[in-house]
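Below are the chains, spelled out letter by letter.
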Amino acid sequence: RNFKSRTACRNDINRLIAPFLAIYESLIPPEEEKGKQKQLMKLLEKLVSKEWPEARLYLYGSCANSFGVSKSDVDVCMAFEDPDVNKPEVLLKLAEILESDNLQNVQALTRARVPIVKLMDPATGISCDICINNVLAVVNTKLLRDYAKIDVRLRQLVFIVKHWAKSRGVNETYQGTLSSYAYVLMCIHFLQQRQPAILPCLQGMERTYAVTVDDIECAYFDQVDELSGFGSRNRESIAQLVWAFFNYWAYCHDYTNNVISIRTGSIISKRAKDWTRRVGNDRHLICIEDPFETSHDLGRVVDRNSIGVLREEFERAAEIMQNDPNPCVTLFEPY
Ligand code: GTP
Ligand code: MG
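Residues numbered from 1 in each chain as written. Chains lettered and ligands numbered in written order. Predicted model: local features only at pLDDT ≥ 70, side-chain atom pairs only at ≥ 80, totals over all residues. Heavy atoms only, no water.

> Where do I start with the pairing of strand β6 (residues 209–213) in this structure?
Successive side chains on a regular strand alternate, one facing one side of the sheet and the next facing the other. As paired elements, β6 and strand β7 (residues 216–220) share five bridges and run antiparallel to each other. Each residue of the ladder has a partner; that of V213, found in β7, is I216. Turn length for the β6-β7 hairpin, with the two strands adjacent in sequence and antiparallel, is two residues, and the turn residue D214 shows positive phi of about 50°. (Pairing = 2+ DSSP bridges. Helix = DSSP H or I, 4+ residues; strand = E, 2+ residues; numbered from the N terminus.)

Structure below.
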């Protein structure tokens, strides 16, 4: 019976293509947001260069990786040549400068894991976080953006998964669920695993881009314009992919033994990474390898309790995709 109903569902899952695409389109930021971001960056560059002429500003995170929905916060990295620059000192000084230029809600969070200054620009209405020397984040932002250029289904899938995760309250690292960055890695990995593959493994190809950041070599094939037809042998629709994504994380992923790795374009074992036991606060209950900082598990924030919440949400989503008459509404119902 189960088999029958699955086949039946797959056969008409394509009725969901149009509604999913409509959701995707509605989340794309309007062109004017880019202009406002540029305006804010100009202002920040002016203010920063007066005090620190040697510093450079980079956009990173969702405003630059092409996975940002409308009205996202802007993430900015302030880069100094000096790796040992005193971050708290710079951030406190920066907060002072921003405040005297009438930026709103200025706050220096100098004790956070990633120390930042937060601000809101009243001219554009944009909220922004500024961190220091987080160059790896700038580089992984480029990797994500390059993946997005290869096949539009990645951007569509990420928008829908992020929208689901935000609606269901499972995009909150401080509550032990996953970051947006982790969800993007899950989507890339998932599309690398389709048969035929929808995405290649860029880090497994000829290295056309290479930088060394904090002693980590970051290298991959970035001439992605040459790969624009890569996924075309796979004709799966966005509706099938959303269904299969939730099905994978609900029923197929081996949480006990496996790590997903976009770096290798495959699944690797927890044993090979020595992620089998709890070390300090890292429990490795769901394992998502960072593409460059390979000792970094994006699932480290997940604890005994929140792994249950996450897996229940994956199962709920899979069940809705399978049986609900109106998945495009039910999937995103607030929790
Ligand atoms: P939204 O702000 O939710 O739209 O998504 P975002 O893409 O900006 O993601 P997020 O705020 O989670 O992270 C910002 C950036 O920090 C990511 O795009 C990565 O470049 C970088 N980053 C690197 N390591 C980590 C990590 O362990 N956790 C998080 N959250 N971000 C990381
Ligand atoms: Mg962000």
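Right, picking up where we left off after that structure.
> Would you mind going over the pairing of strand β5 (residues 126–132) with me for this structure?
Of all seven residues in β5, six are buried; the element is thus mostly enclosed. In the sheet, strand β2 (residues 74–79) pairs with β5 via five bridges, with the strands oriented parallel. Across the sheet, V76 pairs through a bridge with I130, a residue of β5. As judged from the six bridges shared by strand β4 (residues 116–121) and β5, these two strands associate in the antiparallel manner. Considered in β5, the bridge of V117 is made with I130. (Buried < 20%, exposed > 50% of the residue type's maximum accessible area, 1.4 Å probe, protein only.)

> What exactly am I supposed to notice about the environment of N258 here?
Looking at where N258 falls in the secondary structure, it is placed in strand β8 (residues 258–261). Judged by its relative accessible area of 18%, N258 falls in the buried class. Residues N258 and T330, spaced 72 residues apart in sequence, show a C-alpha to C-alpha distance of 30 Å.

Interpretation in functional terms is not warranted from these geometric data alone.
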